[in-house]
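Architecture and fold: a report
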Amino acid sequence: MKVTLSIIKADVGGYVGHSDVHPAMLSRAREALAEAKEKGIIIDYCQAKCGDDIALIMTHDKGPDSEEIHRFAWETFEAVTEIAKELGQYGAGQDLLTDAFSGNLRGMGPGFAEMEFEERKSEPVICFLADKTEPGSWNFPLYKMFADPFNTAGLVIDPSMHDGFRFEVHDLIEEKKIIFSCPEELYDMLVFIGAPSRYVIKHVFRKGSDEPVAVTSTQRLFLMAGRYVGKDDPVMAVRCQSGLPAVGEVLEPFAFPYTVAGWMRGSHHGPFMPVGTDWDTPTRFDGPPRVVALGFQLKDGKLVGPRDMFADPSYDNARRRALEIADYYRQHGPFEPHRLPLDEMEYTTMPAVVEKLKDRFVPLVGAERDH
Ligand code: F6R
Ligand code: MG
Ligand code: MG
């Protein structure tokens, strides 16, 4: 049976500040999902969250980019925004960038990651949800899962993975895409995906098949809105086992709390901390950025789960290290590399300061020009 897995997410109000979502908003989202299931719009659902972002995890038979599914998500976020407004939640409706829904969610604010595939006899899937970071944050773990034999033993040991995988990479600035076949084109690919603010892995495919095995959300809100309206706080879904990375290989990259962009005001580098769902509430300096992993077994489109995959002591060291790295970065205060470089600072006061001081900048002359 062909099934579509859609994760559609938005921040439509924070509790308190940008740290969490009010329970009343979550129950409104759950109510809408239950009704959609009842009406047969979706097969099954799981209402989830990370930080101040609500995620609608849904299965259905309508394929990616379905107008019906996107409209349902949009109307749900509108309904949840009403509750956010009633309760005076912070930034109520912040990711709903337009007034009216028009066909699909592209360019409208909410993020989405969707893939359609033939459900296998047993279909383990992990849905990752992040807060206080950007879509390119998935480049590092996807590379590790599907291309690095030091992470994924199956790339060496499992004959059905030994040929490698194909990666679809999007250039978010020029709106172009390219497919890299790995391991042959690893080094070429790394030139691009090592710059995650611009180049983002959208899909991973098996060799010889166009059926996706992983998908990410690639929306960048400031590119849509032309100004800072909150970080994109991306989501990702990864299928596992039987010729794909094992569940433990899919989770393994997060044992290293690598550095991502986001954190306070979307303008700082910090460690990406894997947490159980009890701890998905960025607090210190609005962070550090964090990620939760919800595991499901799919059965006839039903989402059997979730299992809270990072709620496990084997991730304690990663968390401890993340906190040490957070201390280290914080001591840099307003200095790079804690603060993002100027061209990536979305809250930047730079243009205003340059304008204010423009008459005081004078050209260097004579011996002053010694560089
Ligand atoms: C980052 C984030 C927060 C806010 C910060 C300021 O993605 O959501 O760090 O940027 O709390 O928020 P405002 O500008 O709403 O006061
Ligand atoms: Mg927010
Ligand atoms: Mg958020």
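Notes on the structure in this doc start here. (Residues numbered from 1 in each chain as written. Chains lettered and ligands numbered in written order. Predicted model: local features only at pLDDT ≥ 70, side-chain atom pairs only at ≥ 80, totals over all residues. Heavy atoms only, no water.)

Describing the coordination of the magnesium ion (ligand 3)
Our working rule: Water is not part of the atom set, so a site may look incomplete; the donors themselves are N, O and S atoms within 2.8 Å of the metal, or 3.2 Å for Na, K and Ca. Partly exposed describes any residue whose relative accessible area lies between the buried limit of under 20% and the exposed limit of over 50%, with all areas from a 1.4 Å probe on protein chains only and scaled to the type maximum.
Distances from the magnesium ion (ligand 3) to its protein donors, D52 (OD), D53 (OD), D131 (OD) and D233 (OD), fall at 2.0 to 2.1 Å. Counting gaps between the donor residues of the magnesium ion (ligand 3) yields the pattern D-D-x77-D-x101-D. Separating the magnesium ion (ligand 3) from the magnesium ion (ligand 2) is a gap of 4.6 Å, which D52 spans by donating to each of them. Among the residues examined, D52 registers a relative accessible area of 2% and is labelled buried. Judged by relative accessible area, which is 3%, D53 ranks as buried.

Observations regarding empty space enclosed by the protein
Using the following cut-off: Cavity and pocket criteria rest on a 1 Å grid covering protein atoms alone: a 1.4 Å probe that fits but cannot get out defines a cavity, protein on both sides within 12 Å along at least 5 of 7 lines defines an open pocket, and an atom within 4 Å of a point defines a lining residue. Grid points are joined across faces, edges and corners, and a volume is the space filled by probe spheres set on the points. Each helix is a run of H or I in the DSSP string that is no shorter than four residues. Each strand is a run of E no shorter than two, and both are numbered from the N terminus. Lys, Arg, Asp and Glu make up the charged group, whereas Ala, Val, Leu, Ile, Met, Phe, Trp, Tyr, Cys and Pro make up the nonpolar group; the residues left over, Gly among them, are polar.
Going through the model one piece at a time under the given rule, you end up with 1 cavity of 30 Å³ or more. Looking at the largest cavity, its volume works out to about 40 Å³. For the lining of the largest cavity, the secondary-structure elements that each account for two or more residues are β3 (53-60) and β5 (123-131). Split by residue class, the lining of the largest cavity holds 6 nonpolar, no polar and 3 charged.

Focus: the pattern of salt bridges
Note the threshold: Salt bridge, as used here: a side-chain nitrogen of Lys or Arg that lies within 4 Å of a carboxyl oxygen of Asp or Glu.
The final tally for this structure, using the stated rule, is 26 salt bridges. The closest approach of N and O atoms between R220 and E134, which form a salt bridge, is 3.0 Å. Taken together, the positions of R220 in the loop between β9 (212-216) and α6 (221-225) and E134 in the loop between β5 and α3 (139-147) put the pair 86 residues apart, joining distant regions of the chain. This pair shows no difference in class: R220 is buried, exactly as E134 is. The residue R220 makes a salt bridge to D232 at a minimum N-O spacing of 3.6 Å. In this pair, R220 is assigned in the loop between β9 and α6 and D232 in the loop between α6 and β10 (235-239), connecting sequence segments 12 residues apart. Across the pair, exposure class does not vary: R220 and D232 are buried alike.

Looking at helix α2 (residues 67-86)
Residues that lie three or four places apart on an α-helix share one face, since the helix turns once every 3.6 residues. Keep this limit in mind: By definition here, a helix of n residues has an expected span of 1.5 Å times n minus one. Working rule for contacts: check all heavy atoms of both residues, and any pair within 4.5 Å makes them a contact. Polar contact criterion, stated in full: a pair of N or O atoms within 3.5 Å, where within protein one must be able to donate a hydrogen and the other to accept it, and residues adjacent in sequence count only if both atoms are side-chain atoms.
End to end, α2 covers 29 Å across 20 residues, agreeing with the expected 28 Å (1.5 Å per residue, within 8%). Of all the positions in α2, only I69, H70, F72, A73, W74, T76, F77, A79, V80, T81, I83 and A84 are classed as buried. Against the buried residues of α2 lie β1 (2-10), α1 (23-39), β3 and β4 (111-118). Structurally, the start of α2 carries an N-cap: the backbone nitrogen of E68 is 3.2 Å from a side-chain oxygen of S66. One or two positions beyond α2, positive phi appears at G88, with a value near 60°.

Thoughts on the packing of α1 against α2
Between two packed helices, both the angle of their axes relative to each other and the distance between the axes serve to describe the pair. Short version of the rule: With axes taken as lines fitted to C-alpha atoms, and helix axes fitted only over the stretch in contact, angles between N-to-C directions fall between 0 and 180 degrees. When an angle is under 35 degrees it counts as roughly parallel; over 145 it counts as roughly antiparallel; between 65 and 115 it counts as roughly perpendicular; any other value is oblique. Throughout, a crossing is termed right-handed when the near helix is turned clockwise from the far one, and left-handed when it is turned anticlockwise from it by less than a right angle.
Close contact between α1 and α2 brings their axes to 9 Å; oriented N to C, the two are set at 150°. Between α1 and α2, the angle falls in the class roughly antiparallel. Once α1 is placed against α2, the crossing between them reads as right-handed. Between α1 and α2, the residues in contact are A24, M25, R28, A29, A32, L33 and A36 and F72, T76, A79, V80, I83 and A84, respectively. Taken together, the residues of the contact of α1 with α2 break down into 11 nonpolar, 1 polar and 1 charged.

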